Amino acid sequence: MSLVTYSGFPRIGLKRELKRALESRWRGDSSAETLLDTARMLRKRHWTLAAQAGADVVPCNDFSLYDHVLDTAVLFDAIPSRYRPVFAVDELDGYFAMARGHKRDGHDLHALEMTKWFDTNYHYLVPELEAGQRFALRGNKPLADFLEARELGFQARPVLLGPVSFLLLSKTVDGSDRVALLDALLAPYIDLLGQLADAGADWVQLDEPCLVLDLDDDDRAAYRRAYAALAAARTPRRLLASYFGALGDNLALAASLPVDGLHVDLVRAPEQLDAVLDALPACLVLSAGVVDGRNIWRSRPERVLPLLRKAQARIGDERLWLAPSCSLLHVPIDLGAETALDTKRRAPMAFARQKVEELRVYADALAGLPEAHAALAAQQALLDTQAHAPGVVDAGVRNRLRTLSPQATLRRSAYPIRRTTQAETLALPPLPTTTIGSFPQTDELRKARAAHRAGKLDDAAYDNLLKAEVERVVRFQEHIGLDVLVHGEPERNDMVEYFGEQLDGYLFTQLGWVQSYGSRCVKPPVIYGDIARRAAMTVHWSSYAQSLTDKPMKGMLTGPVTMLQWSFVRDDLPRETVCRQMALALRDEVHDLEAAGIDVIQIDEPALREGLPLRRADWPVYLAWAVECFRITAGGVRDATQIHTHMCYSEFNDIIEAVAAMDADVISIETSRSRMELLDAFVRFRYPNGIGPGVYDIHSPRVPDTAEMLDLLHKALAVLQPEQLWINPDCGLKTRGWAEVELALDHMVASARQLRGELAAVLA
Ligand SMILES: Nc1nc2c(c(=O)[nH]1)N[C@@H](CNc1ccc(C(=O)N[C@@H](CCC(=O)N[C@@H](CCC(=O)N[C@@H](CCC(=O)O)C(=O)O)C(=O)O)C(=O)O)cc1)CN2
Ligand SMILES: [Zn+2]
């Protein structure tokens, strides 16, 4: 009979137990032991849950206290020297110093860089390597997890990030070739695999997601060398796992590697099954990733069963494993906890637990169990009726999209004309200062929102509290002398969920948390139907904030691509269609803001880069619709209305033409961690519009001083026109405390004043 398994489980816990335990430890309110106890409790709970749901084999070492790439770096002792003194005192403090920076006991260490895990909203820590880097086995996390599982009665399969993907996801600090470090890295990998074999592990899973990317010959050679070396050593049987896309031109490579099993993603790339079966050497196990590890919809038996039957016919039951397409890290844990959702809406959905249950049913169906067949037929019937459920199709939206004029993407005039008009109407000083939107989300705010939601705080009281917060934010900005103000976004739980709550076509979960980085989670809202705006969403707050000040108040919206990227999206329409619906809804909001007298409107697109397809060949199509959607949102406003956009976590070289084609009047970007390196793409491209390279790293509790910001600004002025330059932080301030924000923004305004003085002196 085919075996049911999965390659990784969410770590944070149904009620975010890990988040609470981490943050409590970081505050110093609890001991390391307490944190480790919570982690152990979660692993046990999750293994038990998965086994009860029908998994035959569970993975181990998929759990992490912060991030699995960081775990791998520490496991192989790839620890930059600056952190070593902290490790020398305490291993766990050292680990968290790499994750979050460390300012204590005379140390002032910045964290490792954080970046997107492929095209997901999960962020990993980028290992820092250097030429001549040495690796050694440090600690025994995978082995300890394996033994812990066995103690509980599970013969688990340890999961490791494979050596080649580990190197490809790392960076070298000296610009040397990271793949050249492979041979040095293989020795401790082999040690570890030997230890696991000695301990009785029969399989190990080596994750090599980079196999779905465009690889060059050196990368391919590295794969061959690495896996030949592992095959020559004593190891458990090796399952090579690819996910997030098709193996494509790397299929021959993957199938030629000396391993014992291959995992492929048949959700993103069902079409690869024939080629995979043709290429799969005899005796290899095929782990078929047939239910979606990236989305929350039940699988469609009419799509999945033919794939499984074909595989079964070709290789038999013993060599066929059933699994989700990728780790379940990217979905919430248990739909059963969503008691507030009505059963009709809940029926077509599946979270991690339900996905394992689905796999069990497929395995039983392959084994010929009649009740499994009946269950799958019922599931298919349910999904078919879903297409006609209320709210799924909105004829008005469909019609509006069908008849949308191409003119909708156009501004009235070209940028140089808009620029002049805006200079006259806004009358801003040179080098205008602004912020990215959010101000600190204090405990008080979050508690009040929770109380409001629970019915313990009435609408009026909640509204008053938010109004008072907006007023505080406005007064503060006036006091320190910022030029373009914001209202601070205190009314928003999250920049995506907040808008989702006000749009038709969306539904929400109570406990649908997904880890974004470390202890930070998001609760992606679910798009199940056509998107339409019921009423204005932000005009009330922006107008109120504008009424408090004579300075321009910047309206604040989340852009269509980011709304899509950070939601769970229906799978019965092309993503670009859903995105166009979103763009139309947001366009109406832009117009309403303009009509209400808001002259500056920011449309955030921090996830535009994240949505870029993993294969270069697929970029142009995506970028074309992504840019079009932004332009639909911003299109049609008066020349005098200044459209801003904001992007963080982005490498711009690949997308600079698309960014320019968005034609926002001003873009703010994250640049301070890279010390303005991210500006290079804009400079090379001679990006003509306004640009605000961030001068304050808001991810760190560290407050930069004025001189540090001036230094960054001088760097920017060396390559940009002074008329282009805006001064702002890297991103929103919601995760920071007021004390830090007050100081940092004060320093920022001081740096702007000084720079204006310098410029005036040059011109005089
Ligand atoms: N969707 C999304 N993706 C993003 C970002 C983003 O802002 N949004 N930013 C980038 C970085 N990623 C981030 C992801 C999450 C957070 C973040 O701060 N998340 C918060 C939760 C935000 C939220 O939904 N808050 C809700 C719920 C808050 C809460 O925990 N309430 C308590 C009750 C309050 C209390 O008593 O303390 C509870 O439910 O138990 C609210 O404010 O209403 C967290 O993990 O702490 C920040 C950055 C990239 N991806
Ligand atoms: Zn941002």
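Here, residues in each chain are numbered from 1, in the same order as that chain's written sequence. The order in which chains are written sets their letters, starting at A; the order in which ligands are written sets their numbers, starting at 1. Per-residue local features are limited, in this predicted model, to residues with pLDDT of at least 70; the limit for side-chain atom pairs, both in listing and counting, is 80 or more; totals at the level of whole chains, interfaces and linings are taken over all residues. Where side-chain values are given, they derive from all heavy atoms of the structure, hydrogens and water being excluded.

Per an unreviewed UniProt entry, the recorded name for the chain is 5-methyltetrahydropteroyltriglutamate--homocysteine methyltransferase, and the organism is Rhodanobacter terrae. Taken verbatim from the UniProt record of the chain, the Function (unreviewed entry) comment is "Catalyzes the transfer of a methyl group from 5-methyltetrahydrofolate to homocysteine resulting in methionine formation." UniProt positions are given in the numbering used here, feature names are shortened, and annotations may be inferred rather than shown by experiment. The annotation that UniProt attaches to the chain under Catalytic activity (unreviewed entry) is "5-methyltetrahydropteroyltri-L-glutamate + L-homocysteine = tetrahydropteroyltri-L-glutamate + L-methionine".

Trainee: Give me the overall build of the chain: which residues, what numbers.
Mentor: A tally of regular secondary structure across the chain gives 28 helices and 24 strands. Only C-alpha atoms enter the radius of gyration, while the globule expectation follows 2.2 Å times N to the 0.38, with N the number of residues. In terms of overall size, the chain behaves like a compact globule, its C-alpha atoms giving a radius of gyration of 26 Å where 764 residues would be expected to give roughly 27 Å. Reported as C-alpha extents along the three principal axes, the dimensions of the chain are approximately 75 × 60 × 50 Å. For the exposure calls, accessible area comes from a 1.4 Å probe over protein chains only, and a residue counts as buried if that area is under 20% of its type's maximum, exposed if over 50%, partly exposed in between. Across the 764 residues in the chain, those meeting the buried criterion constitute 62%. Residue contacts are defined here by distance: any two heavy atoms, one from each residue, within 4.5 Å place the two residues in contact. Considering only contacts within the chain whose residues lie at least 6 apart along the sequence, 78% involve residues at least 24 apart. Methods summary: accessible areas were calculated by the Shrake-Rupley approach with a probe of 1.4 Å, and residue burial reflects only the protein chains presented. In the form shown here, the chain has an accessible surface area of approximately 28,300 Å², with 52% of it arising from carbon and sulfur atoms. By the counting scheme adopted, Arg and Lys are positive, Glu and Asp are negative, and His together with the chain ends is not counted. Working definition for charges: the position is that of NZ of Lys, CZ of Arg, CG of Asp or CD of Glu. Averaged over its 86 positive side-chain charges, the chain has a centre that lies 2 Å from the centre of its 104 negative ones. Strands are runs of DSSP state E lasting at least 2 residues, helices are runs of H or I lasting at least 4, and numbering of each runs from the N terminus.

Trainee: Describe the pairing of strand S8 (residues 157-161), with residues and values.
Mentor: Strand residues, when the strand is regular, have side chains that alternate between the two faces of the sheet. The buried count for S8 comes to five of five residues, which makes it a mostly enclosed element. A two-sided burial pattern is seen for S8, the buried positions comprising Arg157, Val159 and Leu161 on one face and Pro158 and Leu160 on the other. For two strands to be treated as a pair, DSSP must find at least two bridges joining them. Sheet topology places strand S2 (residues 59-60) next to S8; two bridges connect them, and they run parallel. In the strand pairing of S8, proline 59 is matched with arginine 157. By the bridge criterion, three bridges tie S8 to strand S10 (residues 203-207) in an arrangement that is parallel. Paired with leucine 161 across the bridge in S10 is aspartate 207.

Trainee: Give a description of the coordination of the zinc ion (ligand 2) that names residues and reports values.
Mentor: With water omitted from the atoms examined, metal sites may look incomplete; donors here are N, O and S atoms no farther than 2.8 Å from the metal, or 3.2 Å in the case of Na, K and Ca. Coordination sphere of the zinc ion (ligand 2), protein contribution only: His646 (NE2), Cys648 (SG) and Cys731 (SG), at 2.1 to 2.3 Å. Each donor residue of the zinc ion (ligand 2) lies on one chain, and together they are spaced H-x1-C-x82-C. Of this pair, cysteine 648 sits in the loop between strand S22 (642-647) and helix H25 (656-662) while cysteine 731 is found in the loop between helix H27 (706-717) and helix H28 (738-763), placing the two residues 83 residues apart along the sequence. A single burial state applies to cysteine 648 and to cysteine 731, both of which are buried.

Trainee: Account for the packing of helix H16 (residues 395-402) against helix H23 (residues 575-595), with residues named and values stated.
Mentor: Running from N to C, H16 and H23 point in directions that differ by 95 degrees, and their axes come no closer than 10 Å. Relative to H23, the element H16 is oriented roughly perpendicular. Contacts between H16 and H23 involve Val397, Arg398, Arg400 and Leu401 on the former and, on the latter, Thr577, Arg580, Gln581, Leu584 and Asp588. All residues other than Ala, Val, Leu, Ile, Met, Phe, Trp, Tyr, Cys, Pro, Asp, Glu, Lys and Arg, Gly among them, are scored as polar; the first ten of these are nonpolar and the last four charged. Looking at the contact of H16 with H23 residue by residue, the class counts come to three nonpolar, two polar and four charged. Note on geometry: axes are lines fitted to C-alpha atoms, helical ones only across the stretch in contact, with angles between N-to-C directions running from 0 to 180 degrees. Working rule for angles: under 35 degrees goes down as roughly parallel, over 145 as roughly antiparallel, 65 to 115 as roughly perpendicular, anything else as oblique.

Trainee: Describe in detail the site of ligand 1, supporting the description with residues and values.
Mentor: Whether a residue is near a molecule or strand depends on its heavy atoms: if one lies within 4 Å, it is near. Near ligand 1 lie 24 residues; those nearest to it are Lys19, Arg446, Arg449, Asp494 and Lys734. N or O atoms within 3.5 Å of each other form a polar contact, as long as, within protein, one can give a hydrogen and the other can take it, and as long as residues adjacent in sequence are counted only when both atoms are side-chain atoms. Arginine 446 has a polar side-chain atom sitting 2.7 Å from an oxygen atom of ligand 1. In this structure, aspartate 494 approaches ligand 1 through a side-chain N or O atom, which is 2.6 Å from a nitrogen atom. Taking 970 Å² as the accessible area of ligand 1 by itself, protein coverage stands at 82%. Those elements that provide at least two residues to the shell around ligand 1 are helix H1 (17-27), helix H18 (443-453), strand S16 (514-517) and strand S17 (520-522).

Trainee: Any details on the sheet that holds strand S15 (residues 503-507)? Residues and values, ideally.
Mentor: Pairing is mixed across the open sheet formed by three strands, whose spatial order is S15-S18-S20. The sheet is open, and its two borders are formed by S15 and strand S20 (568-569), each paired with just one other strand. By the bridge criterion, four bridges tie S15 to strand S18 (residues 526-533) in an arrangement that is antiparallel. Each bridged residue has a counterpart across the sheet, and for leucine 507 the counterpart in S18 is valine 526. Against the sheet, H23 contacts S15, S18 and S20, and its axis sits at roughly 40 degrees relative to S18.

Trainee: A description of the UniProt feature "binding site: L-methionine" (unreviewed entry) in the chain should follow, citing residues and the corresponding values.
Mentor: The residues that UniProt annotates with the feature "binding site: L-methionine" (unreviewed entry) are Ile436, Gly437, Ser438, Glu489 and Asp604. A compact arrangement is adopted by the annotated residues: their sequence extent is 169 residues, whereas the largest C-alpha distance between any two is 13.0 Å. The exposure class assigned to glutamate 489 is buried, which follows from its relative accessible area of 8%. The residue aspartate 604 is located in strand S21 (residues 600-604) in this model. Look at aspartate 604 and you get buried, because its relative accessible area is 5%.

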